[in-house]
Structures are given as C-alpha cells and as structure tokens.
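# Architecture and fold: a report
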Amino acid sequence: MSQPFTQRHIGTDADAQSRMLATLGYDSVGDLVNAAVPETIHVDRFRTVGDSTLPPAATEREAIEELRELADRNTVKRSMIGLGYYDTITPAVIKRNVFENPSWYTAYTPYQPEISQGRLEALINFQTMVADLTGLATANASMLDEATAVVEGMLLTRRASKSASHRFIVDADAMPQTHALLTSRAAALGIELAIVDLQADTTAAELGDHFGIFVQYPAASGRVWNPAGVIAAAQSQGALAVVAADLLALTLITSPGELGADVAVGTSQRFGVPMGFGGPHAGYMAVRKGLERQLPGRLVGVSVDAAGHPAYRLSLQVREQHIRRDKATSNICTAQVLLAVMAGMYAVYHGPDGLKKIATAVHETAGRLVAALRSAGLDVAGDTFFDTVRVSVPSRAAEIVARAAGAGVNLYQVDSDLVGIAVDETTTARDLTVVLGAFGGLDAFGAVDLTAATPGLPDGLARTSAYLGHPVFNTHRSETSMMRYLKRLADFDYALDRGMIPLGSCTMKLNAATEMEAVSWPEFGGLHPFAPREDVEGYLELVRQLETWLTDVTGYDTVSLQPNAGSQGELAGLLAIRGYHHANGDADRTVCLIPSSAHGTNAASAVLAGMRVVVVACDDLGNVDLVDLRAKIAEHAGTLSALMITYPSTHGVYEHEVGTICRAVHDAGGQVYVDGANLNALLGFARYGDFGGDVSHLNLHKTFCIPHGGGGPGVGPVAAKAHLAPFLPGHPMAQSDEHYLHSALGDTVVHGGGPVSAAPYGSPSILPISWAYVRMMGADGLREATGAAVLAANYVAKRLEAHYPVLYAGDNGLVAHECILDLRPLTAATGVSVDDVAKRLVDYGFHAPTMSFPVSGTLMIEPTESEDLVEIDRFVEAMISIKAEADAVAAGSWPADDNPLHNAPHTAQSVIEGEWTHPYDRETAVYPLRSLIRGKYWPPVRRIDNAYGDRNLVCACPPPEAFAD
Amino acid sequence: MADKSELQYTAEHEWVLVDGDTALVGITGYAADKLGDVVFVELPAVGSTVAAGTVVGEIESTKSVGELFAPVNGTVTETNDAVVDSPELVNSDPFGAGWLLKVTFTELPALLSYSEYSALVGE
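If you're wondering where the values come from, they're calculated on a predicted model, not measured in any experiment. (Residues numbered from 1 in each chain as written. Chains lettered and ligands numbered in written order. Predicted model: local features only at pLDDT ≥ 70, side-chain atom pairs only at ≥ 80, totals over all residues.)

### Overview of the overall build of chain B
Let me state the cut-off plainly: Only runs of H or I of at least four residues qualify as helices and only runs of E of at least two qualify as strands under DSSP, and these elements are numbered from the N terminus. With C-beta atoms placed from the backbone, a residue is buried if 20 or more other C-beta atoms are within 10 Å of its own, exposed if 12 or fewer are, and partly exposed between those counts. Any residue pair is listed as a contact if its two C-beta atoms, each placed from the backbone, are within 7 Å.
Within chain B one finds 4 helices and 9 strands. Its helices and strands taken in sequence order, chain B reads β-β-β-α-β-β-β-β-β-α-α-β-α from the N to the C terminus. By principal-axis analysis of the C-alpha atoms, chain B measures approximately 35 × 35 × 25 Å. Looking at chain B residue by residue over its 123 residues, the buried ones come to 38%. For chain B, restricting intrachain contacts to residue pairs at least 6 apart in sequence, the fraction spanning at least 24 positions comes to 61%.

Now the structure itself:
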C-alpha cells in the first residue's frame, strides 16, 4: 500500500503541525481554521454530507490508471483540419528539457528579474523570433491564443487610432473561431463589426469609415494574397491594420511589417507545441515602432544591472492592469510563457534555414496534394496557397470527410460542398494517399502519383528580407549544444525545484510529478480542437468530471473550463452577468462596484465587459467599508450590475461581513461576482455559492496545481449559479454544448454565451493536472490542504510579528493563507526598502515574497501547504536575520548607501573581482548563513535598473558583444 | 527655474506660468517625486486644440502612468522636445528644464495660488 498522496502534497506532517499549532495556541488545524473563517459561512466539507460527487482519494498509481482509461477513449487521427492548429514535431530535446522539466514549468512570472534571467532570455528569443518573422519592431512575450490576440489587436487599434469611428472591419476569409470571438467581444464594447470580402484592390471608399481593419494572412481558405493595398487604404483614413499571420508561412512570404501592417498577431503553436485539443500554446502580438506602449500583456526588455552589465527584465509594467486598473491597455495578466519558451527554442534549434526548409517542405507537400487532386479531376479552389487548400465537391463534403476519418485522417468540412485540407510538417505521402482515396482520386492500383508539385505562392510576394540572424538562432544545431543551452538558462533561474517561492496571492504550491504525467501523452496532446466528437470522448468525460467536482467544491451549479486565464474567467463571468441583465431587459445595469483593495484586473475586466467601475472604500482594517458600500448601492440603485469581491480578500483576510455584503447587492438587484483567486484558503471550509456568490472564476494554476510555467499557461474556469448558465461561454465549434448542471436542477445545461477562447475547452491538455490533484486528494485531502496552508501562513505571521508588523488580520487576530508584513516603519526608520529586503532574500537563497501588492511598501507571504516546516523555518530565520541587518544600518554600523541590503543581490563576480571596498565582508555578502556554503544559488546579475530599461526600450536579443566584459 | 511662489497651480499637480496670453505648463516637484523615475513623456501635437481638464498626454514612471491634463482651453504652440528625449528632466528640474508645453488661451480659469497648492499637498 503506497503512501496517501495527501502526505506527498502537504509538506507538514502531524508532528510538525502540532509544533506549529503550539506556537499559535490552538489544539487542531480544524480549530484554527474554524476560528479564522467566519462562522456564518462555514460548511461541513462540500455538498451536504453523503451528497458529494468527489470520489474518495485515489493513490497516484490509481489516478494514472484512470487517466490512462480516459486517454484510451480518445482517438488520435492524423489531423489535416488546419484553422490555426497543426500537428508539429516537438524536438525531443525541448520536450525533455523544457516541457517536462520542473526548472522551467515550476518557475514564476519573472517579476524578480535578477533570479529569472534564464526564462527572460528565452522569452526575448521568442520576441526576437516574432519581431523578425513579422517584420515589425517589437513583439510581446506572448498572448493567450490567436483569436484573443486578434481581439486585443482590435482594442489596440481603437486606442491608437485617431478615428472617431466605432467600426472595425473584419476579413471575411478569417478563421471561424476568430469571427466568433470578435463578435462576442465587440458587442460588449459598442464596436460595430463589418465583415468584408477583402480583395487586393478593395478601395478606401469601399471600406467606409473605420478605426481598424483585420486581415488573415494567409487566409482561412488557404488563399495567399497581397493585402498591402487594403492596408494602405485603411491607413489613408486614419485606421490601423491588424494582420494575423502564420509564422511558418512568413519564412516564405513577405512579412506583415513590410506590407505596412501596424500590428501582427497569431499563434506559435506549430513551432513545436502539441495541439492539445486546443491548448495551451502561445499566441503572439507584434507592433510597429511607436505602438510599443500600446502592447497588452508582458514585454521583456534589456536594461543594465548595478555593475552596468546587460540584464533582462519585464518592461513597461506600469501599463499592466495591476497598476492601471480600469485604464489598463488590457485585462490580460498572464502570458503563455512555457509554450512561448518552447516555440522560441524550436526556432533556436532549427534556425532560419531549418525553419525555411520545414516551410518549403510543407508547401511542396501541399503542392503535391493539389497536383494529385487536380490530376484526379477534382476542383481545387483558387490558385494560391501555402499549406491549406479547399476542394469543391458539391454536396459530397460530408461523405468525403467521413471516409477520410474512417481511414484515419480528419479533414475540415467547410460546408456541404467544400472540404478544407491542411498540410503540416508531419504530413506523409501515405497521408496524401489516404486523402486522395477519400476523394476517390486513386488510380486503378489504389495508388497516386505524388511526384509533381503545383506551386502555390503568388508572384511578387516571396520573402526577400532576412530573419533570425542573431547568433542564438544560428548556434545550437547539435543536440548536445541545445541541451546545454537549455540547462545553462535553467540554472540562471530560481524555480520551485530550488526552494520555497513564498509569493503572496500567487500560491506556488507543489505541481506533483504524477499530476504532470498525462500532459505528455499523445492521446491528450495530439488532438485538434475541432476534431470530431467521436475522437474526443475521453476528453469530454474528463471535462465532465472536472466540471462536476468544481461545482461541488464551490457551491455553484455549473462550470465552464473555457477561459485560458483568470482574467478571461473574470471577463466570462462579467459577460454572463451582462447577458443576464440584458435578457431581463435591464441593459442599463452597467455599474460594477469594486472594493479599493481588489486586484487591478477586476477593474480592467469590468471595462472590457462594457461596465463602468465604481470603487468602494475599504476601512482601516482592509475590509469593505459597509457604509460606503450601502451609499454606493443607493447612488447607483437602478444601474447596479454587479459587485466584484475577492474572498478571502486580497489582504489575505476572511472578511467577517461577506454574507451581509452579498445580501446588500442582491437586494438592490445586482449580481455578486466572487473572485476565486484565493479559493485555496476556503476549500472544504466554505463555498462561494453558499454565502451569496452568483459567479466566480477559479485559478486552476493556483488552487488546483497547474504549474505557473514561468508566467503561463493558466486556466481560469468560470463557475456560476444556474440562472447564469445560458450566458456562460459557449463555442460554435464545440463537440458538445452541454455541460454539467448540479443534479438537483437537472443533469446538463447549455452554455449559450459567446466564446472567450479560440478553442471550445480552452487549454484542455493541462486539465489532467487538476483532475489528478482532485482525484488524489479527495474531499478530505482538499480540506487538509486548506488547513495546512492557513496554518503555515499564521505560523509565519506569528513568528515574524515581533520583527515586522503584520498589516491585516481577521477574526481572532488570524490571517487566511497569506500574511502582509508592513515594511513601511522599517523603511522610515532605516531607509531599507521593500526592494532591499526582497533582493537580500536572494542572497539567503530565497525567491522574494510579493512586493508592494496589495499595499505599497509591504511584502506578502504565502507559504502554501506544500512547504515543510524545515523550509518554512529557514525562511523565517532568513527574514529575522535580514531584520537584524536592517537594524545595523539604522544603528549606523553600515552606511545607508553601502550595506548588504542596499547592494543585494551579490553575484559571484561582485565578490571576487577587484578590490573589496565595502564595510562588510564578502562572507556576509554571499554566505550570510553558513548553511548556504554547499547549496548556494548564485544570481547571474546584480540589481537591475528599472528606469534605464524603460527609458531605453530594447525588446530583442542584444548582440553577444553586449555581454563581453 | 521659475519662482514657485509666482506660479499658479492645478489640483492635478501642474504648475502654470502665465505670460500674456500664453501658459507655460509643467508638473510640480511634488508630483515628480510621487511619480518616481519618469521614463516616458507623451505630449500633445503642436497646433492641437485642448480643453481645460481633459487628458492631453501621459507621464510614465517606473511606478505608474500619470495623465497630463490641460490647465486651460487653448491651442498648443510649443512642446518640450528635450523632455521627450530625456524624461529624467521631469525629476531633475520639474519647474525649469522639465517644462512640458506652452498653450495660448483667451480666458484663464481659476487656478490655485502657491499657498493654496502648498496646503493641498500638505507642505
């Protein structure tokens, strides 16, 4: 009998917990949490006892066996559906050393750049690759997928265009999922979409007034045409042009930048990232010079460190939603870092010549297909193509697609008369033979002549400009070299495989190896998002089970797994509220109340759902000010749409009055959105649906163990009460529009809203991670995890309170799963800043806690349930030791501008090279604790100059000479 | 550098130096300190018409993005190219080399005096 998984996942054992409880003065974890969580919202585990749908905890082996059974119910056929999703060969060196390597997948978003240089370099490779291929000045560090990137492109053009028009022109020959997403997103923002059959000679007059235009290049039908004239026509009237371009095709055809585009968007999926039934993979966005500050999402740039050496960091962060709130460029927080790293490394490994060879081979294969189809007398539509063609077969499309599927190849049925076929780097001659067979195009011997290839790229559009000339794309051709490059970058970084990452609000808990196992299986990775239903039964069952379990643990009635990030879950939830009010004839209900303590994303999402943000004040204890709340509700009584409240609050406190707050909103006709970012502090003790929530998003990458991947992927399911179900995100190409509905209300329900992701189930290939976590923890294990997390946070708060004041606490003086240390008194007394403490922690071998969120001048610590007491104590001792160092600065033992805190972090070079002139010794600099000597993490750079990087914006790989000393 | 007591102020932490029908505009030292290291300044186009109280530009620091409001109704006659090239001038000399724009106006709205502004920011 193997050890229960809960004991692998939870770091503290019974003995450690009893010691921690003794420190706090409680007898049991249950007593502690029950004292912290307001009694009015308590529940006993999940549904009423005996009614829970959560099965008892499985062992790791049992969970894998069940996942294997689900995987076996999926059928991986050769996908030739296309539409932005292509089979691809993940280089094994990338699969093993990035995709399956905790050094990459357990890292956090690189907000602490000094300990994130490896993935920052990998991301700047990605940005350079995108900028080069698209021919534009600056690319960001990835988008959630192509369709949402197009939406962001639309929003960007509206911000940047001087036109007062509300019209956005959309290429009729664009991907169907992109059309669907644009339609649902534009409606909430008062943008009028005009679908236009764009041609090379479409004139400005034909376009009419508009602020932006979107072109798919090559087109969804496969057509390759030159949109330069259309782009110029649009720009002649003050509009900006967004082009969605296929990165592989761009190695052969003229780049969007050279055609005049202002913005290019798309996906990098086919650069070595499995289709995964829709995701995750990295979308991209690039802009021309002058629009950098309009880029949504994350942008890696080059700055310098304290020694003047080049160093990477995230640039222009102040434009992100966590600072700009309702004025942000977008509500997007996360990127798809792990997948962007993979796509960038695919380009590093293949280089410009290798990519061009792959593209050429794909094009030639498509050309052979066209020649064979035509020689068999079939009507291939159009004369131009890169990898995709459409065959006209009046009223026979369904029959042909079915015949191909029967022979193991999925094609795309455009309508009853048209069949779409897409070729990729994995397509073989045998696949072409199967396709020809499905069309009845084989000769008498059942063979086909594939020697001739019809060229499909139009004259005058061949790419002449160079790309990927930087040495990083021209060095690592051998696997040995590639393996070592990946190892070198991983070694620069601090991920969970090195030590604790106590980031408050980020929940850096264990991502167990067993949870990760199935993600690599081809039965989960190899499916196209629009594969026929019969191929994906295993996935649909996994989705159904996960939906069921998530409704159970949250107290809601139904769940959509479609949103690709928490921010998108927020948007989906708010759009559902909007849809609900509209359906009730309450279109005027547009005011969204948001407490001042809320995460900035709430406000940014509300704006994108067409709502107006009204801020509700918080009291001195950090709780929603009930008087102000009632006043704001009264002021906006007829227009109140929703309240967004985070629970436990962003201050890490269980607000006592949450039930009262929810009732006040409901009484005024508003809906309650409970931001589920902190669900990990509630699971098993209270449920959002029970205390008044109508809808919530959850962060599977926090509470349910999907790894952070260095800043993505995320999954942000939206869970709601039944009355909102008709407005939750649906998808026109979903294999099934039915979703689980709590059994007391029926069994299934249709989610009838517009999509928020390109794929019907968002990022399904990582859902097995959360599935496995719930399956192996069971109801009791999930509750134990909550208890252990709350215990750890309160233990840290208790042990550090004599050294740093703890800013907020709730009932009985307890915090929830995280605590905020107030460094402002220390800064006032000693000049030692939050930054100094955070960077000094690096010298002690730790990732810093969250800095200055949610309160400036503070550190927020979240140990999670997965850290053991030894690691927690090591962290506490480091914090106490740093406080003593700060006191020494205050006492005048060290000057304010030359001490171990001010100069942190210390690189090896900084203590070895030249003469040591500081008033503290080198051992103090790098070995403040003797225990560090054998296990030292060495940061590769010193403290990075933020202002320099934002004043001198460079977002592509610097030349190697920049790193020469 | 202008004498601070001679300047007029807005509640949006801008200073205005009136010379005939022209207002020279910048942000106050208090605002520059609160913003921290300024990294980017976006100013309105010369010749553009601006309305008092509306956003006409941005001042971005490593901590936040501040909005630049027009203090008067009028027409922009000149902007400070030096501050666009070297945004740090806003920090180093907010009342002098860090000036932002010149606007001609026909009517001057009520602005704050030095003592009123000082009281506003508690200095």
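Next comes the rest of the write-up.
### Observations regarding the sheet that holds strand S15 (residues 418-422) of chain A
Residue and element names in this part refer to chain A. What counts here: By definition, two strands form a pair when at least two bridges between them are found by DSSP. Axis definition: a line fitted to C-alpha atoms, limited for helices to the stretch in contact. Angles are taken between N-to-C directions and run from 0 to 180 degrees.
Strand order in the open sheet made by the 4 strands is S11-S12-S15-S14, with antiparallel pairing throughout. In this open sheet, the two strands that pair with only one neighbour each are strand S11 (379-381) and strand S14 (412-413). Summarising the sheet, S14 and S15 pair through 2 bridges and their orientation is antiparallel. Of the residues in S15, the one forming a bridge with Gln413 is Val419. Sheet strands in contact with helix H13 (residues 337-375) are S11, strand S12 (388-392) and S15, and its direction is about 15° off that of S12. Packing against the sheet, helix H14 (residues 397-406) makes contact with S14 and S15, and its axis sits at approximately 35° to S15.

### Considering the sheet that holds strand S26 (residues 850-851) of chain A
All names here are of chain A. Taken together, the 3 strands give an open sheet; going across it, the order is S25-S27-S26, and neighbouring strands pair in antiparallel fashion. The strands lining the two open edges of the sheet, one partner per strand, are strand S25 (819-822) and S26. Note: S26 against strand S27 (residues 858-861), 2 bridges, orientation antiparallel. Residue pairing in the sheet places Thr850 in a bridge with Met860 of S27. Across the face of the sheet, helix H27 (residues 834-843) comes into contact with S26 and S27 while running at roughly 40° to S27.

### Some points on the interface of chain A and chain B
Often the size quoted for an interface is simply the accessible area lost on bringing the parts together. Quick reminder of the rule: Under the convention adopted here, Pro, Cys and the residues Ala, Val, Leu, Ile, Met, Phe, Trp and Tyr are nonpolar, Asp, Glu, Lys and Arg are charged, and Gly plus all remaining residues are polar.
With 9 residues of chain A at the interface, the matching set in chain B holds 10 residues. For the side of chain A that touches chain B, the elements supplying multiple residues, two or more each, are helix H12 (321-324) and helix H31 (946-951) of chain A. Ranked by residue count, the leading element in the side of chain A that touches chain B is H31 of chain A, at 4 residues. Residues that form the side of chain A that touches chain B fall into these classes: 3 nonpolar, 1 polar and 5 charged.

### Here we look at the environment of Asp387 of chain A
Along the chain, Asp387 of chain A falls in the loop between S11 and S12. Remark: the alpha-carbon pair of Asp387 of chain A and Leu248 of chain A, spanning 139 residues in sequence, is separated by 9.8 Å.

### Section: the confidence of the model for chain B
The following threshold applies: Residue-level confidence of the predictor, termed pLDDT, takes values from 0 up to 100.
Per-residue confidence for chain B gives a mean pLDDT of 93, with 98% of residues at or over 70. What the predictor reports for the complex is a pTM of 0.96 with an ipTM of 0.83.

### Focus: the pairing of strand S20 (residues 671-676) of chain A
All names here are of chain A. Which entries qualify depends on this criterion: We call a crossover right-handed when, viewed with both strands directed away from the observer, the connection leading from the first strand over the helix to the second proceeds clockwise.
Judged by how many residues are buried, S20 sits mostly within the fold: 6 of 6 residues are covered. What you see with S20 is no split at all: Gln671, Tyr673 and Asp675 on one side and Val672, Val674 and Gly676 on the other are buried throughout. For strand S19 (residues 640-646) and S20, the ladder comprises 5 bridges, and the chain directions are parallel. For Leu643, the partnering residue across the bridge sits in S20 and is Val672. As a crossover connection, the stretch from S19 through helix H23 (residues 658-667) into S20 is right-handed. Sheet topology note: the S20/strand S21 (residues 695-698) ladder contains 4 bridges and is parallel. Counted as the bridge partner of Val674 is Ser696 from S21.

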